[in-house]
Amino acid sequence: MTKANTAISEKTIDQLRPLVIEGIQERKGRDIAVVDLTGIETAPTSEFIICQGNSSQQVAAIADSVRDYLLENYGIKPYNYDGYRNAQWIVIDYGATLVHVFTRETRQLYNLEELWADAPISRIPDLD
């Protein structure tokens, strides 16, 4: 594990969440939802943070902003990320937190909030 990744284990989910949200809001990510998966035994992680951009360019910019914000300000690197090729859905893996950045159409298609409907979902108001 690299030094940057050890920082993830030192931060709790509650500490990481506002940092991710700030990174999303830096690039005007919209309709932010926090899906708490801790009570679901078969969930792949503890939390999803889901948002959307208006275009594939904005989706990539939002994902870059989250990664850059956490790395530059807190030394936290993701374990992995994927989806930049077409930038319709980019996922960033911070261990217990997975960040999903979608275009509006792709988010509606996959509808992760409905897929995990048993989980409590918190909505973060848009900044504008």
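Remember, it's a predicted structure, so these values are computed and weren't measured experimentally. (Residues numbered from 1 in each chain as written. Predicted model: local features only at pLDDT ≥ 70, side-chain atom pairs only at ≥ 80, totals over all residues. Heavy atoms only, no water.)

Caption draft 1: The arrangement of the packing of helix H2 (residues 13-26) against helix H3 (residues 56-74) in detail. Closest axis-to-axis distance for the H2/H3 pair is 8 Å, and the angle between their directions is 130°. In terms of their interaxial angle, H2 and H3 are classed as oblique. The handedness of the crossing between H2 and H3 comes out as right-handed. Taking contact as the criterion, the partners of Leu-16, Leu-19, Val-20, Glu-22, Gly-23, Ile-24 and Glu-26 in H2 are, on H3, Ile-62, Ser-65, Val-66, Tyr-69, Leu-70 and Tyr-74. Looking at the contact of H2 with H3, its residues break down into nine nonpolar, two polar and two charged. (Axes fitted to C-alpha atoms, helices over the stretch in contact; angles between N-to-C directions. Helix = DSSP H or I, 4+ residues; strand = E, 2+ residues; numbered from the N terminus. Parallel < 35°, antiparallel > 145°, perpendicular 65-115°, else oblique. Left-handed = near helix turned anticlockwise from the far one by under 90°. Contact = heavy atoms within 4.5 Å. Nonpolar A, V, L, I, M, F, W, Y, C, P; charged D, E, K, R; others polar.)

Caption draft 2: How the structure looks around the nonpolar core. Core analysis: the largest hydrophobic core is formed by 23 residues, its most contacted members being Val-20, Ile-24, Leu-70 and Tyr-94. Only H2, strand S1 (30-36), strand S2 (47-53), H3, strand S4 (89-93) and strand S5 (97-103) provide two or more residues apiece to this core. No other element matches the seven residues that H3 contributes to this core. Once residues within four sequence positions are removed from consideration, Val-20 is found in contact with Ile-49, Val-66, Leu-70 and Val-99. Counting 10 residues, the second largest nonpolar core, distinct from the first, contains Ile-50, Leu-98, Phe-102 and Leu-112. (Core = buried A, V, L, I, M, F, W, Y, C linked by side-chain atoms within 4.5 Å. Buried < 20%, exposed > 50% of the residue type's maximum accessible area, 1.4 Å probe, protein only.)

Caption draft 3: Structural context of the layout of surface pockets. The space that makes up the largest pocket amounts to roughly 160 Å³. Lining the largest pocket we find Gln-25, Lys-28, Gly-29, Arg-30, Ile-32, Asn-54, Gln-58, Pro-125, Asp-126, Leu-127 and Asp-128. Taken together, the residues of the lining of the largest pocket sort by class into three nonpolar, four polar and four charged. (1 Å grid on protein atoms, 1.4 Å probe; cavity = no way out; pocket = protein on both sides within 12 Å on 5 of 7 lines; lining within 4 Å. Points joined across faces, edges and corners; volume = space filled by probe spheres on them.)

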